[in-house]
Structures are given as C-alpha cells and as structure tokens.
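What follows is each chain in one-letter form.
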Protein chains: 2
Amino acid sequence: MAARSRVAPMLRRLERTGLTARCRLSPVQVPVSGRCIAAVSSRHFTACPQRNAKFTTEMYPDLKKDPRFAQLTEEHVKHFKDLLGSSAAVIDAVTDSSASEDIEPFNEDWMKKYRGHCKLVLKPGSTEEVSKILKYCNDNKLAVVPQGGNTGLVGGSVPVFDEIVINMSRMNQVRFFDEVSGTLVVDAGAILEVVDHFLAEKGYIFPLDLGAKGSCHVGGNVATNAGGLRLLRYGSLHGSVLGLEAVLPDGTIVDDLSRLRKNNTGYDLKQLFIGAEGTIGIITGVSINCPQRSQAMNVAFFGLESYEKAQQAFREAKSQLSEILSAFELMDRNSIALVDRVHGHKKPLEDEHPFYCLIETSGSNSEHDSEKLEAFLEDVMGKEIVTDGVVAQDETQIKALWAWREGIPEVSAHFGGVYKYDVSIPLKQLYELVDDARARINEAGLLGDTDEYPVVDVLGYGHMGDSNLHLNVAVRRYDAKVEKVLEPFVYEWIAKHQGSISAEHGLGIAKKKYIGYSRTDSMIGLMKQIKNLYDPNGIMNPYKYI
Amino acid sequence: MAARSRVAPMLRRLERTGLTARCRLSPVQVPVSGRCIAAVSSRHFTACPQRNAKFTTEMYPDLKKDPRFAQLTEEHVKHFKDLLGSSAAVIDAVTDSSASEDIEPFNEDWMKKYRGHCKLVLKPGSTEEVSKILKYCNDNKLAVVPQGGNTGLVGGSVPVFDEIVINMSRMNQVRFFDEVSGTLVVDAGAILEVVDHFLAEKGYIFPLDLGAKGSCHVGGNVATNAGGLRLLRYGSLHGSVLGLEAVLPDGTIVDDLSRLRKNNTGYDLKQLFIGAEGTIGIITGVSINCPQRSQAMNVAFFGLESYEKAQQAFREAKSQLSEILSAFELMDRNSIALVDRVHGHKKPLEDEHPFYCLIETSGSNSEHDSEKLEAFLEDVMGKEIVTDGVVAQDETQIKALWAWREGIPEVSAHFGGVYKYDVSIPLKQLYELVDDARARINEAGLLGDTDEYPVVDVLGYGHMGDSNLHLNVAVRRYDAKVEKVLEPFVYEWIAKHQGSISAEHGLGIAKKKYIGYSRTDSMIGLMKQIKNLYDPNGIMNPYKYI
C-alpha cells in the first residue's frame, strides 16, 4: 500500500489562506527508531520477562474442577494417537513426562497471565478429525479447549485444569478464492497475516486487521468476533463472514460454508459461533467477503482543546472524508505524554494539547484522497475545531504517527504494571469515564510522581470511531487500594451509561464474572440456554465465558 | 441527493482520445414518462387487478390446521380488548361479522397471491403489550402471525388459517438518534421511508433501500433480512444492526437493544431474529448503525458483448470505483427488449447488446466521483470490455436509466403471468442458469411469438454485485408444462452450483418446501432445534419457513 500524501501543496494552500499562523500544519518530524516501528507491528504485544505464569488455579482459588469431567487415561491417549496417526499431531505428557516442556506454550497465554495444567495437545488435520475428536471427548466427558494462535487477552484460549487443547494450526490452507467476487474460503487455522498477504497479491484485503496478525488464526478471529483497526471501514465479522464450517461437541459438522452474499434460507446459525469463544463448537473453516485493497493511504495527527472538539472533528471527518475514512483514533494528553516520557522521541506537535486524534484515510485514488483530507483539515482548522496538525508524507511517517497511538499499551505497563479496561461507551460520554476514574484515584491520594504513590498516570485512548475506549491505569506496582478504587466502580459506571464491559477482547476467564454489568439476567439466561443446547455436557472451553 | 455528472467534459476527453468512433458515450436520451418514473419508485410493486386472492388453503390443499391450536372464542377476544384498551388496537371479526371487510387487508398479501382466514387483528402499542399478547397466546395455544408492512414476496406475513395477526403499525416512533455516531433506535413498526427521511435531515442514510420502502416496516426488514439496493455498499443487516428488542412466544422480552458497535459479551442472540421471519419471536425495536449520506450520485449504463465481459467490467468497477461503487446491476438482452416492447421508450443505447450493466456511484465529492467514473469508462472502453455506454446528466436521467432496470419485474408479468426465481449463484456461473433454462424451454417447444406458445420470453437480470440473479419466465398463461420444465430443474441446478434458492426474498410459505436444495438435512435439523427451543408450541407464524 503506497503512501502518497500531498503535504507540500497543502502547506502552500494553507499559507495562502492565512491559516498557518494559528495552525502549524507541517510535515511530521518524528524520528523513527526501530523501537517505535516495532511497536507498530507488534501493537498489543509487549514482551513479558517472567518465564512462567502462575497457574490460573492459583489466581482463582475458588475454581474447582467440574466433577462431570473424566480424568485422562492412557487408553484415551492411545485412542487419539490411533485416530490422528501422525506423531506431529499429538503432544502427550500423560504417558510421556519428557513432553511436559513441549506442552507449556499451549498451556500459557502470550501475556504469561494465565496457565493451565493440560497434558495433551491434539492437532487435527481435517474437519473430520475434529469431528471424531469431539465426539469421543463428548462421549467420554473429556473437557477441551479450542486453540487458535493463542493471542487473546482474556485467557480464553488456554486450559484452566487438564482440559485437552485442540490446536488448529495444522488446518491452515486457503480452500478457495474468487478474484471477481472477492469471496475467500479458508481453514480456521490459517494465520491472518499469511491470508492477508495472499489477498494482497490479488488486489484484495482481509476485512480485519489486528496487532496479533502475525500469529492469530482466522478461526480464532471469528470465534472471538475480533474488532481491530478496520471495523470502522469494513464493519463487523457478523456482516463480512459469509459462511462457517464448525463442529459441535457431539461431532455434528455444521456445514454452513456458503460463498454467497445473500442467502435467506432459514436461521443464520453461523452467527452464534461468531464471538462464542469456542464454547459451543470448534470453527474449522471460514468463508468471508473480502473488499478491494485501497491503493492510497494518508494519515493526519492533530491536537484539540477538548473532548467536545474531538467529537466535532469526528462528525466532520465522517461527513467530509466519508467513504475514505478508515480510522479515527483518540488519545488524551496523558497518553501522549507517557509515550514521550518513555521513548523520548520528538513529538509530532510541539505544544501540548488536551486531546489528540489520528485520522487515516484509504481509497482508490491518492490525489482525490489527499484533496479531501486537505479540504477537511482546512475546514476544521478554519472552524477552530482542531488546534494544530501534521500530515504524514510517506509510509515511514505514517508508521511513525501510528507509533504514537500504538505505543500507548506498551508504555502503560512500563513502570511496573497496568490496569486495563477495554470498553464501549456511547460516544457523548466516552471520555467522562477517564475523568471520573482519575478524580477517584486522585481523591484517594494514590496518584503521584514518587514511589510512595502506586499510580503513575491514568490514560484514555482508543478507537473513537467505534466508540471503543481503552482506559489504562499505569502503576508502579499492583495494589489492592487501586483495585478497590477502580472496581466495581468502572463496571458500575459502564452499566449506568449503557456501555459494554468488553468491547472487543471478549469474556474468557478474565471478564466472565462481570458480564452482568452489560447484560440483563434474562439475556444471560437465554445465553445459557444456547450453551446447554449445543454443549449439554459442558465440555467446550469450561470455566469461561458466560 | 444531488446528481451532478460530468458528461460534457468526459465526451470532450473521449473525443480527444479517439474512442468515440467505437464507443458512443453520449448523454442519455431516454424520454422520461410518468410511467417509467413510477416504476422506479414502486419497483417490485406491479398492480394486481383481481379483487381477492384464492385462499392459501385452496392453493395448498394438503395443508391441515395444526390440531394443537385452539379455536378463537369470545372470551379470548374479550381478553385482548381489555388488554389493549383502545378500539383502534383490535379488529374483531370473531364476534362482529361486519368487521370482515376491515380485516381483509391483513389477510391478504399485496400481490393478492396469498389469503388467510384470520378473524382477529391486534395492534399493540408497546413492547409490554406485545409481551402480554404473546404470553396469553402461548398459554392458550393460539397461533399468531407477526405482520409489518405486509410487503413480502413469499406469503410470510399473512395467515394461512385463522391465526391472529399481530400488526406492528402502531409502534412507529424513532426512539433515539445520535448525530455524532449515527446510531438510530427505532420502533419495529416505523416505515422505512419515513425513517430514511428523518435520517436525511440529519445527513445520514438508512443502510437499506427497497422498492417497498413507502410501506415496509423496519422490523419487517430485519425479520426478513432484507437485502435490496444498498447491500453492495453497506453490507447486510447482520453487520449493521447493533441491537434488537424482541418478544419470545412465552412473553420474555429479549432486551438486546445495544447502541454500541462493539460489544463482545456473550452469544450474539439478536442475529437469530434477523431473517427468522417471525417464527421465534416478534421484533419490537431495532438499533442500527447508519452511514453518512452521500452528497453525489452518478449512474452509467452500458452494453457488453458477453457475460464474460460483464464479469470483467465488475472486476474493474470494484478496483477503480472501489469505495464509491454503490450498485452494479446486470440485465440481459431479453430483459431490455421486453421493457422496450412494453413501454416503447427510446432505448439508452441505440444498438442491441447481449448484456447491459447499470453502475451507480455515490460519494462525498461529486467532482472526484465523476472523474473516477470517467476514467473507469475510458479504461473499460479502451480495453473493449464495454461496447457502448451513456452517463446520466441529472437526477431525472438517473431515474430514467434506473427505470430500464426497475421496469423489468413489471413487464415480466405484462403478458399474463411470470415465473420468478430470486436466487444467489457464484458469480462465474450466475448467468448460465438463464441460458440453461431458456434452452430447456426452447427444446420443449414452449417459447414463441404467437398465442399457441405459453412462454413469451426468458429473462435474466439482477444485483450482479451481490451475485443475486432474478430469473423471470414471462408467460401468456400459467401452464403445467412450463412448470414441469422449470421445476425441480431450477432448484436442482441451484443445488448443483452451491447457490441459494432464496437470495433475499426469504422462505415464507412459497419456498418452504425447497429449502432442502440449499441446506443439508443436518442444517435443517439444527434449525428445527432452534425453532423448538424458542417456540415449543409452534404458535409463531406456523405452516411456513423451515
């Protein structure tokens, strides 16, 4: 994707209109270090130093193994080895204790936050094998955890006790692609970035982008209803997924792999598996509608004096950039200050502003897009909605500007730890949560510059275009006093404002107990009905979700 | 929506490039009569002369009333009158035979094709009333038919026997609109066009457009997963609907009226109601994400020498027009010839072509859009993908060009009747069905110019951008010989090519028995499981769907 912005002519035009005195619209001058760029490509992925996480059973001592589940035996293991044939398809620490180390990457999440006691990993190579595995597990009351790239943030893809991991990485082929319609059918275990590269060669794009794209599986994306960076433009997976192939616990293959955009023949059952986090079945194949890849991309970064102005800027961007707007990201003063404090790079804008926004456009004609972006910036600066701004001149600068946004999760954890909340809030009230949380922490005397205070800073940022806020409380150490101030306050605040306690990360084990803040008892009851319908023995990804 | 195309400069440029000798790109010269324009606004809606349809029970003599259902009594009627209070909320032909005439519009579909024996119409004014009605009906085994604008094409919204009609027209208010995010919450009984006008004033658009928009309800659109004209651009309702409020047969209110674009907290149950055709509950409220309304619209109409070229043109349109492409419609030679034969207007293109396409663009900048369209047309003409074309100069001409596409359903029925198939087929094979059907009809000696032949013509047209074909067989009279040649041939053909026997019209009573051509027994079994879960007494819209 070539980045061809038109900063020079824009600057000239801005000089002529006399706006530059107030609005220093200049080419971005951020030094692009390896570290910053790495933050772009790794996004949520900050390295974790410790070797192994605590066992999840230690973190959640109240959790007891469901007595309905059987203990894995040698006979079970032999059955699976016979079934899957290949030695690469089974990692067995039940009968072979030397395999314990090999099994650890499947037991732990990438954040080293959750760790299970699994002793058997199965890697089926076909939908039929998945079906046979599940049928056997269901008949024998063996609990399982479906696992994709294991890149989730809520502990949904690793076991708690000794559930069998069914890892989908061997099912990783593109099954079908139609270059005229853009319909793609792919195995669930295909890696998102590999698939996106395949599509790029054909002039198409996967309608989802994530920091974890180098590791995450398409099947996992669908199972967690991943949101990510392209949602504003390409909508949710509930709209773009055309069909699914999945296996129910009893081995039934849900054969709904339609390649059609329109198919009104009965209940759209595939939708239940999108976002079900592997609790009612395992997705084995995905059919998805892929849009045309944009030829041109532009990024602008600007400062604003209030959240009210950020809302005005968003409204204008939607109106004026309309069909080419592909991202509208918000960052508060504290977020940018913390990235600055940790990385020390020159900031895109010299002065400090209460709020910053990053706008990305992508379209089929770079001249048109630049002209639209230029006119938009002139307009919002003329109306004093935006105080100051820069536009990236090339792909390196695009990455550098994104690094200020994408660096925030990493620097939030830099001082020792971070309390993270990924929430949806109606746009009007979106930022109020940050103000209110900061005020509470201040009132409790927990925030300060020296070591005696646990809290370093309170940050608010996120996908404003999707009403998705990330509230991060950066701390020097985890402290019960901070937790007490934040919880259940944050969840109660979300409930009061009709928000969602998990916008895009899902429930897993981390958010399971908070669902009541976003869903009524009646809705939770209806969800449990669905769970019981498809998984009456409860073997699918137990101890998590609803 | 202002129509501002740039035909004059484009013609000049084409003259300079020397393309005009072959490609007569000229302003459209279609006379715009009242009739043609009417066809645009009424779309699928051709008037039907007969007073009343045959009873559905006569057309389907094998259908027997489900013995589980109770007979309506005076006591039931009294209960509903007490419950709803207002006399406007109950039409009672059970105890008052003079109301029989008033009830007829609720008993019959607009095509006068299906007619029930209903004697009681209830018009609840609130979700609580819907809940109380359904609970009572469920407890007393009274079957019901939820009814929106009654504009469906498969008999899904009228009763078969004496089911109670629950008409949603009194619940028609906009509940909420956020001008920054574009989130709209509306009662299910609001009329689509009324809602779209409301949105137009705010600079937004409803992400769905239909011929029936002047009558159809938003709730009915969602219940039938309506596709329509904007799907190519704005995607399906499964993506744009943010939340639903619905009532289950036992009176449970499904309170899932989220206003958020991202909410990953449990199974997305609302999806089951989208396209369920009122068989598991009644939708009472809809929350939906509305896009920015486009400022500019352009329409081009061109002739091509083969379906292969039409596919190439679509591929180029997706690539070059990308984010502004809002419709790509296909019409074959026979379709346009029949519109010409019936209406006698001057055709947009003088010569006859085997295929025609209509392209619509909509975007935020009319100059940019015109430039893109112009470059696209130059390119496809230069590459000899398109043989000839015209571009609309103003809104009147846009409507006139659309009238050639939108007039096809009407003229198909002009000679006495029409066999209609609304199907999805993978794009590559889309048109083969029309060739194959025509060949079969020809071989059977059924197609000819004189009265002895039942078939006037075989037409293929539709939303090519969505792989949605309409196969119409225009006949002088309905004839068992024609039916025998067409069925099950068409359905078997669709099944063989992995298409859908109902792309956007749904199943209703008309397609119920054909679902097996698009769904496996296993999928149908899973669907029945859902039906039984939510509606164990089977009272919701019986005799239809799966």
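What you see is a predicted model, and the numbers here were worked out from it, not measured in a lab.

(A) Looking closely at the overall build of chain A. Of the regular secondary structure elements, chain A holds 20 helices and 17 strands. Here the C-alpha radius of gyration of chain A, 24 Å, is about what a compact globule of 546 residues would show, namely 24 Å. Overall, chain A is about 80 × 60 × 45 Å in size when its C-alpha atoms are taken along their principal axes. Here chain A, with 546 residues, has 65% of them falling under the buried criterion. Long-range pairs, those at least 24 residues apart, make up 76% of the contacts in chain A with a sequence separation of at least 6. Surface summary for chain A: the accessible area is close to 19200 Å², and the carbon and sulfur share equals 47%. Each charge sign in chain A was given a centre, from 62 positive and 72 negative side chains, and these centres are 1 Å apart.

(B) Quick peek at the packing of aromatic side chains. Residue and element names in this part refer to chain A. Under the criterion given, the structure shown has 34 aromatic pairs over all chains. Pairing F273 with Y534 gives two aromatic rings, centres 6.2 Å apart and planes at 50 degrees, and the pair type is tilted. In this pair, F273 sits in helix α11 (residues 270-273) while Y534 sits in helix α20 (residues 521-534), placing the two residues 261 residues apart along the sequence. Side by side, F273 and Y534 carry an identical accessibility label, which is buried. Summarising the aromatic geometry, the rings of Y419 and Y478 are spaced 5.3 Å apart at their centres and angled 90 degrees between planes, so their arrangement reads as edge-to-face.

(C) Representation of the interface of chain A and chain B. Counting from both sides, the interface comprises 90 residues of chain A and, opposite them, 91 residues of chain B. Across the chain A to chain B interface the summed buried area is about 7300 Å²; carbon plus sulfur atoms make up 54%. The largest contributions to the chain A side of the interface with chain B come from K262, N264 and Y267 of chain A, which together make up 14% of the buried area. Our count for the chain A to chain B interface comes out at 6 salt bridges. Among the ionic pairs, R519 of chain A bridges to D256 of chain B, the shortest N-O distance being 2.7 Å. Across the contact surface, chain A and chain B share 53 residue pairs in polar contact (both at pLDDT 80 or more). Contributing elements (two or more residues each) for the side of chain A that touches chain B: α9 (231-234), α10 (237-240), β9 (253-256), α11, α12 (307-320), α14 (366-382) and α20 of chain A. When residues in the side of chain A that touches chain B are grouped by element, the largest group, 9 residues, is from α20 of chain A.

(D) Quick look at helix α13 (residues 333-343) of chain B. Where α13 of chain B is concerned, the buried positions are N334, S335, I336, L338, V339, V342 and H343 of chain B. Remark: G344 of chain B follows α13 of chain B within two positions and exhibits a positive phi of approximately 70 degrees.

(E) Geometry of the confidence of the model for chain A. Residues and elements named next belong to chain A. When pLDDT is averaged along chain A, the result is 90, and 91% of the positions lie at 70 or above. In the predicted structure, residues 1-49 sits below a pLDDT of 50 and forms 120 contacts with residues beyond four places in sequence or in another chain. Listed scores for the predicted complex are pTM 0.91 and ipTM 0.91.

(F) Expanded view of the sheet that holds strand β3 (residues 120-122) of chain A. Residues and elements named next belong to chain A. Strands sit in the order β2-β3-β5-β4 across an open sheet of 4 strands; the sheet is mixed. In this open sheet, the two edge strands, each paired with only one partner strand, are β2 (90-92) and β4 (144-147). Each adjacent strand pair in this sheet contributes to an overall mean axis angle of 15 degrees, direction not counted. Of the strands in this sheet, β2, β3 and β5 (164-167) touch helix α4 (residues 74-84), which is tilted by about 160 degrees from β2.

(G) Quick look at the pattern of salt bridges. All names here are of chain A. Within the structure shown, the criterion is met by 50 salt bridges over all chains. Between D82 and K78 there is a salt bridge, and its shortest N-O distance comes to 2.8 Å. Of this pair, D82 and K78 both sit in helix α4, 4 residues apart, roughly one helical turn. Both residues of the pair, D82 and K78, count as exposed. Taken together, the shared-partner salt bridges in this structure form one network comprising R175, D187 and E245.

(H) Layout of the nonpolar core. L433 of chain A together with L433 of chain B are the most contacted members of the largest nonpolar core, which has 273 residues in total. When residues no more than four places from it in sequence are discounted, the contact partners of L433 of chain B are V423, I425, L469, L471, F489, V490, W493 and I494 of chain B.

(I) Representation of the environment of Y60 of chain A in the model. Following the sequence through the fold, Y60 of chain A ends up in the loop between α3 (56-59) and α4. The exposure class assigned to Y60 of chain A is partly exposed, which follows from its relative accessible area of 24%.

(J) Structural view of the UniProt feature "domain: FAD-binding PCMH-type" (unreviewed entry) in chain A. Within the UniProt annotation, "domain: FAD-binding PCMH-type" (unreviewed entry) is assigned to residues 114-293 of chain A. Secondary structure content for residues 114-293 of chain A is 23% helix and 22% strand, while the C-alpha to C-alpha distance between its ends is 37 Å.

(K) The arrangement of a negative patch on the surface in detail. On the surface, E367 and E371 of chain A together with E367 and E371 of chain B cluster together into a negatively charged patch. Contributions of two or more residues to the negative patch are made by α14 of chain A together with α14 (366-382) of chain B. With respect to the helices and strands, E371 of chain B occurs in helix α14. Residue E371 of chain B is classed as partly exposed on the basis of its relative accessible area of 41%.

(L) Structural detail: the state of the cysteines. Counted under the stated rule, the structure contains 0 disulfides over all chains. Here C137 of chain B is not disulfide-linked; the sulfur of C118 of chain B is the nearest cysteine sulfur, at 11 Å.

(M) Broad picture of the side chain of H470 of chain B. With respect to the helices, strands and loops of the structure, H470 of chain B is situated in strand β18 (residues 468-475). When sequence neighbours within four positions are dropped, the list of residues in contact with H470 of chain B reads R405, Y421, D422, L459, G460, Y461, G462, H463, E504 and H505 of chain B.

(N) Representation of the relation of the copies chain A and chain B. Superposition of chain A onto chain B requires a rotation of 180 degrees combined with a translation of 0.0 Å along the rotation axis, giving an RMSD of 0.0 Å. Here the copies are linked by what is in effect a two-fold axis. Relative to the rotation axis, the closest C-alpha in chain A is found at G239 of chain A, a distance of 1.8 Å. A high fraction, 100%, of the interface residues of chain A reappear at the interface in chain B, so the copies pair face to face through one surface.

(O) Expanded view of the sheet that holds strand β10 (residues 282-289) of chain A. Residues and elements named next belong to chain A. Overall, antiparallel pairing links the 5 strands, which are arranged β6-β7-β10-β8-β9 in an open sheet. Edge positions in the sheet fall to β6 (174-177) and β9, since each has one partner strand and no second. Across the sheet, the mean angle from the axis of one strand to that of its neighbour is 15 degrees, orientation sign disregarded. Bridge count for strand β8 (residues 241-247) against β10 is 6 bridges, and the pairing is antiparallel. Note on β10: the bridge partner recorded for V241 is I288.

Procedures and definitions
- Residues numbered from 1 in each chain as written.
- Chains lettered and ligands numbered in written order.
- Predicted model: local features only at pLDDT ≥ 70, side-chain atom pairs only at ≥ 80, totals over all residues.
- Heavy atoms only, no water.
- Helix = DSSP H or I, 4+ residues; strand = E, 2+ residues; numbered from the N terminus.
- Rg over C-alpha atoms; globule rule 2.2 N^0.38 Å.
- Buried < 20%, exposed > 50% of the residue type's maximum accessible area, 1.4 Å probe, protein only.
- Contact = heavy atoms within 4.5 Å.
- Areas by Shrake-Rupley, 256 points an atom, 1.4 Å probe, with all protein chains shown as cover.
- Lys, Arg positive; Asp, Glu negative; His and termini not counted.
- Charge placed at Lys NZ, Arg CZ, Asp CG, Glu CD.
- Phe/Tyr/Trp six-rings, centres within 6.5 Å; stacked < 30°, edge-to-face > 60°.
- Buried area = accessible area lost by both parts, 1.4 Å probe.
- Salt bridge = Lys/Arg side-chain N within 4 Å of Asp/Glu carboxyl O.
- Polar contact = N/O pair within 3.5 Å; in protein donor to acceptor, adjacent residues only side chain to side chain.
- pLDDT = per-residue confidence, 0-100.
- Pairing = 2+ DSSP bridges.
- Axes fitted to C-alpha atoms, helices over the stretch in contact; angles between N-to-C directions.
- Core = buried A, V, L, I, M, F, W, Y, C linked by side-chain atoms within 4.5 Å.
- UniProt positions renumbered as here; feature names shortened; annotations may be inferred.
- Patch = residues over 30% accessible without salt bridge, like charges linked within 9 Å, V, L, I, M, F, W, Y side chains within 5 Å.
- Disulfide = S-S within 2.5 Å.
- Least-squares fit on C-alpha atoms with pLDDT ≥ 70 in both.

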